[in-house]
Amino acid sequence: MKIAEILDGKKIAADIRAELAAEVARMKQRGITPGLGVVLVGDDPASHSYVTAKEQACREIGMYSDDNRLPASASQQEVLALVERLNNDPCVHGILVQLPLPRHLNESEVLLAVRPEKDVDGFHPVNVGRMVIGEPAYWPCTPHGVLQILARSGVKTDGAHVVVVGRSNIVGKPLANLLLQKNALGNATVTVCHTGTRDLGSFTRQADILIVAAGRPRMITADMVREGAVVIDVGVNRMSDASRKSGFRLVGDVDFDTVRLKASKITPVPGGVGPMTITMLLYNTVEAARRLAGAKDERPNAPASKPAEAEKTNT
Ligand code: L34
C-alpha cells in the first residue's frame, strides 16, 4: 500500500513568508512599514493562540502590529470605536477582527465597520461581493491558503472535481467560489456538501480533491475517500488529552491515519492549512500597504478599488 505524500503547509508558509520579508524590506526603504491592527475580544484560548501567532509572524517579517485585546465584557460601542480608530490610523494598513466575537456582540455590524480597503480578512460584504464576481479583492486567508498549497504542490484544479465539505462564510463558501473562477487557481467543478447533505460519502468519493472544513473531528474516514484523491484538512479541533502538557491535542476533520493510506497527497493537522491562514493574512496586509501607498498592482487578485471609492461604498 502506498502512503500519501504529506503537503507541508508549514514549509510552503515559510517560503511565502521569506518572499514577503524581502518585499517588506523593500517597502521600508521607501518609508512604508506594513502594519496590521488586531482586535481580539474575550478569552477564547484558541483565538488567543492564533492571534499571538499572527502578531509574531508580523514581527518576524518586519511588519508592525498594533495589538488590541478587549475583555469579554466589551460593549459593541467599544469594539466599534476601536475599529474606527484603526480605520483612521495611517500606520495600520490591514485590520484583523478575530472571530468568533463573544455572543452579545453583533458580528456583522463590526465586520461592516472595517474600511473595505483595510479588510485584509476579506469579510466585508464589499470584498465578498467583489470576490464572487471575480473583481480584484482581498481573498479570505484560509481559502487563499488552501489554493496556494494546491498550486505550490503542483495539484491542478483546472477541470478537477473538487468536493468541499462545509459552508461557513470564512471557509466553505468563499473557497467554493474561488475554485469556480476561470483562472489558474480555479476552473474546477465544485460540489459543496454540508450538514444537510444526505449520504455524504457518495459525494466525497467522487472528489479528485477533497477539502474538509466542517469542524467535526475525524469525520472523514478512509471509506469516504477515493483511491489517489488529494485531501486538504482545514479542521483544527482541540481534543482533551491528559498526557499532554497543554491538556489537549489537535485533530483534523479527516481521520489522518487511515485516509493517508488511500489518498495520494494529504495535509497534516497541525502543520497544514493553519500556518497558511496566518501567512495569507500577512500577504494581504503587505498588499494593502502597497495599495494605500499608491503602488499599482498587476496581480490577478490584487484589490483594485481606490481607497476613496471603497470608502464611499462603506457608508
Ligand atoms: N477574523 N477570524 C478571522 N480571521 C481568520 O482567518 C480566522 N481564523 C479561523 C478562526 N477565526 C478567524 C484563523 O485565523 C481559524 N484560524 C486559524 C489560524 C491559525 C491556525 C489555525 C486556525 C494555526 O496556526 N494552526 C496551527 C496550530 C495552532 C495551535 O497549535 O493551536 C496548525 O498547524 O494548524
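The structure reproduced in this document is the subject of the present report. Predicted model only: the values in this text are computed from it and were never measured. (Residues numbered from 1 in each chain as written. Predicted model: local features only at pLDDT ≥ 70, side-chain atom pairs only at ≥ 80, totals over all residues. Heavy atoms only, no water.)

Regarding the site of the ligand
Among the 19 residues in the neighbourhood of the ligand, the closest are listed as Lys 54, Val 97, Leu 99, Asp 121 and Gly 271. One of the side-chain N or O atoms of Lys 54 is found 2.6 Å from an oxygen atom in the ligand. Note that an oxygen atom of the ligand is positioned 2.6 Å from one of the backbone N or O atoms of Gly 271. In isolation the ligand exposes 680 Å². Once the protein is present, 82% of that is buried. The dominant element in the shell around the ligand, judged by the number of residues it contributes, is helix α10 (residues 273–292), at four residues. (Near = heavy atom within 4 Å. Polar contact = N/O pair within 3.5 Å; in protein donor to acceptor, adjacent residues only side chain to side chain. Areas by Shrake-Rupley, 256 points an atom, 1.4 Å probe, with all protein chains shown as cover. Helix = DSSP H or I, 4+ residues; strand = E, 2+ residues; numbered from the N terminus.)

Some details on helix α1 (residues 9–29)
For α1, spanning 21 residues, the distance from its first C-alpha to its last is 30 Å, which sits close to the expected 30 Å at 1.5 Å a residue. Of the residues making up α1, those classed as buried are Gly 9, Ile 12, Ala 13, Ile 16, Arg 17, Leu 20, Glu 23, Val 24 and Met 27. End-on, the buried residues of α1 take up no more than an arc of 130°, which puts them together on one face. On its buried side, α1 packs onto α2 (45–60), α6 (141–152) and α10. Two or three places before Lys 10, at the opening of α1, Asp 8 has a side-chain oxygen 3.2 Å from that residue's backbone nitrogen. Backbone geometry just after α1 places Gly 31 at a positive phi near 85°. (Expected span 1.5 Å × (residues − 1). Buried < 20%, exposed > 50% of the residue type's maximum accessible area, 1.4 Å probe, protein only. Arc of directions from axis to C-beta. Contact = heavy atoms within 4.5 Å.)

Observations regarding the pattern of salt bridges
Following the criterion strictly, the structure yields 14 salt bridges and no others. Residue Glu 55 pairs with Arg 69 through a salt bridge whose shortest N-O separation is 3.0 Å. Here Arg 69 lies in strand β3 (residues 64–70) and Glu 55 lies in helix α2, a separation of 14 residues in the sequence. Across the pair Asp 241 and Arg 244 runs a salt bridge whose closest N-O atoms are separated by 3.8 Å. By sharing partners, the salt bridges in this structure join Glu 23, Arg 26, Glu 287 and Arg 290 into a single network. (Salt bridge = Lys/Arg side-chain N within 4 Å of Asp/Glu carboxyl O.)

Some thoughts on α2
Helical geometry: 3.6 residues make up each α-helical turn, so side chains three or four residues apart lie on a common side. Taking 1.5 Å per residue as the helical rise, α2 with its 16 residues ought to reach 22 Å, and the 22 Å between its terminal C-alpha atoms agrees with that figure. Along α2, the residues classified as buried are Ala 46, Ser 47, Val 51, Lys 54, Glu 55, Ala 57 and Cys 58. What you see down the axis of α2 is that its buried residues fit within an arc of 165°, all on one side. Turned more than 90 degrees away from the buried face of α2, the exposed residues are Pro 45, Arg 59 and Glu 60. Looking at the buried positions of α2, the neighbouring elements they touch are α1, β2 (35–41), β3, β4 (94–97), β9 (237–240) and α10.

What about the pairing of strand β7 (residues 209–212)?
The side chains of a regular strand alternate between both faces of the sheet. Burial along β7 is two-sided: Ile 209 and Ile 211 facing one way and Leu 210 and Val 212 facing the other are all buried. Sheet analysis places strand β5 (residues 161–165) next to β7, joined by four bridges and oriented parallel. Residue pairing for β7: Val 164 is matched across the bridge by Ile 211. Summarising the sheet, β7 and strand β8 (residues 230–233) pair through four bridges and their orientation is parallel. Looking across to β8, one finds that Ile 209 is bridged to Val 230. (Pairing = 2+ DSSP bridges.)

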